[in-house]
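One letter stands for each residue in the lines below.
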Amino acid sequence: MNYSIEKKDSFRVIGLRLKTNFHEDERSLKEIPPFWGQAHQSGDIKKIVSLMNTDIKGMFGICGVQIDESKDFYYYIAAASDAPMPDGMCEYTVPASTWAIFEGKGPMPVSIQELQRKIYTEWLPTSGYEYNTSAPDIEVYSDGDQSSPENKFWVWFPVIKK
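> Report on the pairing of strand β4 (residues 72–80), specifying residues and quantitative values.
Buried residues dominate β4, accounting for nine of its nine residues. Every second residue of β4 is oriented toward a common face, with Asp72, Tyr74, Tyr76, Ala78 and Ala80 on one face and Phe73, Tyr75, Ile77 and Ala79 on the other, all of them buried. In this sheet, β4 lies alongside strand β2 (residues 11–21) in antiparallel orientation, the contact comprising nine bridges. Of the residues in β4, the one forming a bridge with Arg17 is Tyr76. Here strand β3 (residues 59–66) runs beside β4; their pairing, made up of six bridges, is antiparallel. Paired with Cys63 across the strands is Tyr75, a residue of β4.

Quick look at the structure:
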């Protein structure tokens, strides 16, 4: 797996959010792809992209923002921005963290879900790092055809050195 370890300061994102749950029959894996589809159809993706105004580029899928002690969490479709928050959107501050950043390629959502599975089951157990539960996982999507075998994306996995 192609990855780098990088420290990043906190940054603010603006976008849409979905309340979901991974542990209930992997509900999030079923709900997140249609959430993206609805955001595209409604034109909200274009609105979010227009808010992107910092050095941190890309369309983000931010996963695992814990709501409370339950297994529920928020998933954000967002972009880094310091613009005023538009009506109907939400903001979130991604905490400063160290990230293992993995590059992937292939059609969505299957390719990114497969990379995430490999990170958890293959890379993490032998990496010398632990998962940092105080930061979310971040998916970073590039422009272009998300169904293409050449589609590039990145997964930011929050880590702490063992």
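More follows now that the structure is in view.
> Tell me about the pairing of strand β8 (residues 137–141), and please be specific about residues and values.
A large share of β8 lies buried, amounting to five of its five residues. Along β8, one buried face is formed by Asp137, Glu139 and Tyr141 and the opposite face, lined by Ile138 and Val140, is buried too. With five bridges joining them, β3 and β8 adopt antiparallel strand pairing. From the neighbouring strand, Ile62 faces β8, where its bridge partner is Ile138.

> So what about the side chain of Asp44? Which residues, and what values?
The residue Asp44 is located in helix α2 (residues 44–51) in this model. Assessed through its relative accessible area of 18%, Asp44 is described here as buried. Once you skip the residues sitting within four places of it in the chain, Asp44 turns out to touch Leu16, Ala39 and Met89.

> Please give an account of the packing of aromatic side chains that cites residues and values.
Taken as a whole and assessed by the stated rule, the structure comprises 16 aromatic pairs. Note on Phe35 and Tyr75: the rings are 6.4 Å apart at their centroids and 75° apart in plane angle, and the pair reads as edge-to-face. Here Tyr75 lies in strand β4 and Phe35 lies in helix α1 (residues 27–42), a separation of 40 residues in the sequence. Centre to centre, the rings of Tyr74 and Tyr76 are 6.3 Å apart; their planes meet at 70°, and the pair counts as edge-to-face. On the basis of relative accessible area, Tyr76 is assigned to the buried category, the value being 3%. The side chain of Arg17 reaches across the aromatic face of Tyr74, ending 4.0 Å from its centre. The side chain of Lys161 reaches across the aromatic face of Tyr129, ending 4.7 Å from its centre.

So, how was this worked out
Residues numbered from 1 in each chain as written. Predicted model: local features only at pLDDT ≥ 70, side-chain atom pairs only at ≥ 80, totals over all residues. Heavy atoms only, no water. Buried < 20%, exposed > 50% of the residue type's maximum accessible area, 1.4 Å probe, protein only. Helix = DSSP H or I, 4+ residues; strand = E, 2+ residues; numbered from the N terminus. Pairing = 2+ DSSP bridges. Contact = heavy atoms within 4.5 Å. Phe/Tyr/Trp six-rings, centres within 6.5 Å; stacked < 30°, edge-to-face > 60°. Lys NZ or Arg CZ within 6 Å of the ring centre and 35° of its normal.

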